[in-house]
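Residues per chain are reported as follows:
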Amino acid sequence: MIAPATGKQIGEIAETPIGKVDSFYQRGKGAFQQWSNLTFSDRASYLLRLKEIIVEQMEEIAKIIAEDSGKVVTEALVADIMPTLDAIDHIVKHGKKHLRRQKVRTPLLLIGKKSFIEYMPRGVVLIISPWNYPMQLAMVPMISALAAGNTVILKPSEVTPLVGKCIEELFEKAGLPEGVVQVAHGGKEVGAAFTNGKPDYIFFTGSVRTGKIIQQVAAQDLIPTTLELGGKDPMIVFADAHLERAAKGAAWAAFTNSGQVCMSAERLYVEKTIFPQFLALLKKEIKNLKQGNDQNADVGSMTFPAQLQIVKEQLEDALSKGARLETGLPPERWANGMYIPLTVVTNVNHQMKIIQEESFGPLLPVLPFDNEEEAIGLANDTVYGLNASVWTNDKEKARRVASKLVSGAVVINDAIISIANHGLPFGGTKHSGIGRYHGDAGLRIFCHEKAIVEDNG
Ligand code: ADP
């Protein structure tokens, strides 16, 4: 494994042999009986122990995440470790009320009877996770599935294997009973073998391409899935917005984690009357950002070469069709290993790849719009629908636009942050995915809903 930011060798993790898939499932099924019979509070106490261990080792874990992924240490702390801790807190505090038996109103027809819903854990949940937030995007679904009474097999991304190993060790230290959490290491062949191993549920976070493959495999055995896929999130800035704040927001939303965020701002629409003014503010913000892997850096490197190549090709395509570079360099002048200069382009249109395809890199196309209607039309002109942001001081307009955006979430006068609220459901529409997690939805997806009708007699 090569550290992306420095090019140094940082260790290898042995791949799980495909021949072991069955024994993983047997152990997971065996442990399910005991784990699902524990009370919620008993399961929660293991999660709280896990939290303590993460807090004790926070700095060390952040360094592993940063080294393995190329992100800066602060990003690892704030966006990978903290959301994991928040999720544990939220679930331990609210999980019991979401999972306990719910009494439901009984219709007149069934007079004298009582109706309930029970939430039954599903069994062995397979979680396949990506490399961009390698801790959070593995741990949050794991914690949710475990709290609901399931056992878990995690297949973390081969691109950040040291974080996968670190997660395995954290759970070992938390002392969960044997077989409750198992981690399988390796790439897509290992992922595919586990998908074929008949899990009771699949929770996948990654690319649309792989999400479709997983959905097809799952369909053979009618295995339910959650698919958390990509995004091409629009940010809409109206002339009456607080422009300095919106410019800071755009720089952050587009370039944090080097743009390798499913909820990055990947398309910026600016009202025509303020277009030049806003562009100037945005460029000023970007000038202040420092790329690197030291303590003063704001933005780290790309995580792996294939992703860098995707960004490069999209930018080359746009430039060859007349796009103008406002910040950054043409790809032939990129010189710094896995770092891509923070790039803003104008003179782009909706036929270009840079607008239609997910970039997952520090690449921000900016387009003008004339009015509210046009902005909504442009924002919705995509196969994706994960997150969006609307920037205006007119609250009514903001709400009107938000309600018309086809998107899993909309943030008004801020960006990305909807994921920081574990009380809200998170997930996508269209090609951005199927299903929701976080909040009560995030616990209940890991359960069967069972309807109970009880006679009073
Ligand atoms: P990316 O292209 O961003 O790396 P992927 O969707 O390929 O995203 O990878 C996300 C996760 O899915 C990784 O853990 C990867 O190993 C796993 N994966 C890739 N292909 C398959 C597959 N065919 N079946 C199951 N898991 C897979």
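Relevant structure appears above.
Residues numbered from 1 in each chain as written. Predicted model: local features only at pLDDT ≥ 70, side-chain atom pairs only at ≥ 80, totals over all residues.

A. Representation of the pairing of strand 14 (residues 409-412) within the structure. The sheet contact formed by strand 13 (residues 387-391) and strand 14 spans four bridges and is parallel. Looking at the pairing, A388 lines up with V410 of strand 14. (Pairing = 2+ DSSP bridges. Helix = DSSP H or I, 4+ residues; strand = E, 2+ residues; numbered from the N terminus.)

B. Summary view of the site of the ligand. In the neighbourhood of the ligand, 17 residues make up the surrounding shell, with K188, G191, G206, S207 and T210 lying closest. Ranked by residue count, the leading element in the shell around the ligand is helix 7 (residues 188-195), at four residues. Each residue belonging to the shell around the ligand can be placed in one class, and the counts come to six nonpolar, eight polar and three charged. (Near = placed C-beta within 6 Å. Nonpolar A, V, L, I, M, F, W, Y, C, P; charged D, E, K, R; others polar.)

C. Examining the environment of G186 more closely. When you line up the elements, G186 lands in the loop between strand 5 (181-183) and helix 7. Note on G186: 20 C-beta atoms within 10 Å, which makes it buried. Setting aside anything within four residues of it in sequence, one finds G186 in contact with E15, T16 and E158. (Buried ≥ 20, exposed ≤ 12 C-beta atoms within 10 Å, placed from the backbone. Contact = placed C-beta atoms within 7 Å.)

D. Region of interest: the packing of helix 2 (residues 40-56) against helix 4 (residues 73-99). Running from N to C, helix 2 and helix 4 cross one another at 170°; their axes reach a closest spacing of 10 Å. Taken together, helix 2 and helix 4 sit at an angle that is classed as roughly antiparallel. Residue-level contacts link F40, A44, L47, L48, L50, K51 and I54 of helix 2 to I81, T84, L85, I88, I91, V92, G95, K96 and L99 of helix 4. Tallied by class, residues from the contact of helix 2 with helix 4 come to twelve nonpolar, two polar and two charged. (Axes fitted to C-alpha atoms, helices over the stretch in contact; angles between N-to-C directions. Parallel < 35°, antiparallel > 145°, perpendicular 65-115°, else oblique.)

E. Here's a closer look at the sheet that holds strand 4 (residues 151-155). The sheet built from six strands is open, its strands ordered 5-4-3-6-7-15 with mixed pairing. At either margin of the open sheet sits one strand with a lone partner, and together these are strand 5 and strand 15 (433-434). In terms of strand pairing, strand 3 (residues 124-128) meets strand 6 (residues 201-205) through four bridges, oriented parallel. Within strand 6, the residue paired with I128 across the bridge is F204. Sheet strands in contact with helix 8 (residues 208-220) are strand 6, strand 7 (225-228) and strand 15, and its direction is about 175° off that of strand 7.

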